[in-house]
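# Results of the structural survey
Below are the chains, spelled out letter by letter.
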Amino acid sequence: MQELVTIVVLVIPFVFVIVITWLKFYEKHKQNQLQAELYVKCLEKGQPIPSDLFPREPKPKTLNIGIILIAAGIGISLLLWLMSISLSSFIKEASTILFSLTPVGILPFLVGVAHVMIHFIEKKKDNGENAK
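Residues numbered from 1 in each chain as written. Predicted model: local features only at pLDDT ≥ 70, side-chain atom pairs only at ≥ 80, totals over all residues. Heavy atoms only, no water.

Attention now goes to the overall build of the protein. Across its full length, the protein holds four helices and zero strands. In the protein, the order of α-helices and β-strands from amino to carboxyl end is α-α-α-α. Summarising its shape, the C-alpha atoms of the protein cover approximately 80 × 60 × 15 Å along the three principal directions. Relative to its 132 residues, the protein shows a buried fraction of 12%. Long-range pairs, those at least 24 residues apart, make up 59% of the contacts in the protein with a sequence separation of at least 6. Accessible area for the protein stands at about 11,200 Å²; split by element, carbon and sulfur atoms hold 72% of it. Considering the protein, the positive charge centre built from 13 side chains and the negative charge centre built from 10 side chains are found 8 Å apart. (Helix = DSSP H or I, 4+ residues; strand = E, 2+ residues; numbered from the N terminus. Buried < 20%, exposed > 50% of the residue type's maximum accessible area, 1.4 Å probe, protein only. Contact = heavy atoms within 4.5 Å. Areas by Shrake-Rupley, 256 points an atom, 1.4 Å probe, with all protein chains shown as cover. Lys, Arg positive; Asp, Glu negative; His and termini not counted. Charge placed at Lys NZ, Arg CZ, Asp CG, Glu CD.)

Moving on, we come to the confidence of the model for the protein. Mean pLDDT over the protein: 84, with 92% of residues reaching 70 or higher. For the protein, helix α3 (residues 92-101) is the element with the lowest average pLDDT, namely 78, and helix α2 (residues 62-87) is the one with the highest, namely 88. (pLDDT = per-residue confidence, 0-100.)

The subject of this paragraph is a nonpolar patch on the surface. A cluster of nonpolar side chains, contributed by I7, L10, V11, V15, F16, V17, V19, I20, W22, L23 and Y26, occupies part of the molecular surface with about 1,100 Å² of accessible area. Examined against the element boundaries, I20 turns out to sit in helix α1 (residues 2-45). (Patch = residues over 30% accessible without salt bridge, like charges linked within 9 Å, V, L, I, M, F, W, Y side chains within 5 Å. Salt bridge = Lys/Arg side-chain N within 4 Å of Asp/Glu carboxyl O.)

A few words on the environment of G112. In this structure, G112 sits in helix α4 (residues 106-131). Distance from G112 to I70, taken between C-alpha atoms, is 4.8 Å for residues 42 residues apart in sequence. Aside from chain neighbours lying at most four places away, what touches G112 is G66, L69 and I70.

The subject of this paragraph is the packing of aromatic side chains. By the definition in use, this model includes one aromatic pair. Here the aromatic rings of W22 and Y26 are separated by 5.3 Å at their centres, their planes lie at 15°, and the arrangement is stacked. Linking W22 with Y26, this pair stays in helix α1, spanning four residues, or about one helical turn. Judged by its relative accessible area of 51%, W22 falls in the exposed class. Y26 gets classed as partly exposed once you look at its relative accessible area, which sits at 40%. (Phe/Tyr/Trp six-rings, centres within 6.5 Å; stacked < 30°, edge-to-face > 60°.)

On to the packing of α2 against α3. Their axes nearest at 8 Å, the elements α2 and α3 cross at an angle of 165°. Comparing their axes, α3 and α2 come out roughly antiparallel. Note that α2 runs across α3; the crossing there is left-handed. When α2 is examined against α3, the residues L80, W81, M83, S84 and L87 are found in contact with a partner set consisting of K92, A94, S95, L98, F99 and L101. Looking at the contact of α2 with α3 residue by residue, the classes come out as eight nonpolar, two polar and one charged. (Axes fitted to C-alpha atoms, helices over the stretch in contact; angles between N-to-C directions. Parallel < 35°, antiparallel > 145°, perpendicular 65-115°, else oblique. Left-handed = near helix turned anticlockwise from the far one by under 90°. Nonpolar A, V, L, I, M, F, W, Y, C, P; charged D, E, K, R; others polar.)

Another point: the side chain of T62. Take T62: it is sitting in helix α2. In this view, T62 contacts H115, V116, I118 and H119; residues no more than four positions away in its chain are not counted.

Structure (structure tokens):
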């Protein structure tokens, strides 16, 4: 019985993610289907197609993503460093391993920095195009 509970507890988060992902794709599919039907009806009746029928996808907010990734990178490194310090008095090997993994947080940190740089470069480019 204990093994069954353990398996269920481990499987539930994965099932939850799969169900949520499926629901999101299903909702998007239905929305696209309704838009296509409206488009066909407009064409059949000779009516003009509404301009907001097919909205443009918004640009990803690179500044928000960048700040989140920077914070995540710092958080990961800080967490691993603090765990290595707290375990140093109990288990020396685990402390050494965790301390050697501390640079893992550099990857999301640098990707975040790149997103912030892209945001400011695009902003500068957009301001330059608007001035012309």
